[in-house]
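# Observations on the three-dimensional arrangement
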Amino acid sequence: MIPPPEVTRVTTARVACDGAQAGIPAALGHPRVFLEIDEHGYVDCGYCDRRFVLIGGPADGPGLNDKPDIPSGASPQ
């Protein structure tokens, strides 16, 4: 399994992703999508594969890169 390109730890279950990151402004990223972290404790962006992990959730710990992709909950703005 290939690990996600970037993992972002967050404090809320609803997050937004627009593909912006160090060296890449939002204008060069992808359309903004809102993602909902479910009972797994993490969600992956369907565009850029960034993984959002809920701090203190069930996925917040070692072995995160071994977990399957969870792109559910994506909704375009």
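Structure shown above.
These lines cover the structure that appears in this document, whether it is placed above or below. Every value quoted in this text rests on a predicted model; they were computed, and no experiment measured them.

### Quick notes on the state of the cysteines
Enumeration over the complete set of coordinates arrives at zero disulfides. Cysteine 48 provides the cysteine sulfur closest to cysteine 17, a residue in no disulfide bond, and the two sulfurs are 3.6 Å apart.

### Description of the sheet that holds strand S1 (residues 7-10)
Here we have three strands laid out as an open sheet, ordered S1-S5-S4, and mixed in their pairing. The open sheet has two edge strands with one neighbour each: S1 and strand S4 (42-44). On average, each strand axis in the sheet is inclined to that of its neighbour by 20°, with strand direction left out of account. Of the strand pairs in this sheet, S1 and strand S5 (residues 51-54) are connected by four bridges, and their pairing is parallel. Looking across to S5, one finds that valine 7 is bridged to arginine 51.

### A closer look at the nonpolar core
Listed in full, the nine residues of the largest apolar core are Val10, Val15, Cys17, Val33, Leu35, Ile37, Val43, Cys45 and Phe52. Listed by contribution, the elements that provide at least two residues to this core are strand S2 (14-17) and strand S3 (33-36). Once you skip the residues sitting within four places of it in the chain, phenylalanine 52 turns out to touch Thr8, Val10, Val15, Ala16, Cys17, Leu35, Ile37, Gly41, Tyr42 and Val43.

Reading guide: rules and limits
Residues numbered from 1 in each chain as written. Predicted model: local features only at pLDDT ≥ 70, side-chain atom pairs only at ≥ 80, totals over all residues. Heavy atoms only, no water. Disulfide = S-S within 2.5 Å. Pairing = 2+ DSSP bridges. Helix = DSSP H or I, 4+ residues; strand = E, 2+ residues; numbered from the N terminus. Axes fitted to C-alpha atoms, helices over the stretch in contact; angles between N-to-C directions. Core = buried A, V, L, I, M, F, W, Y, C linked by side-chain atoms within 4.5 Å. Buried < 20%, exposed > 50% of the residue type's maximum accessible area, 1.4 Å probe, protein only. Contact = heavy atoms within 4.5 Å.

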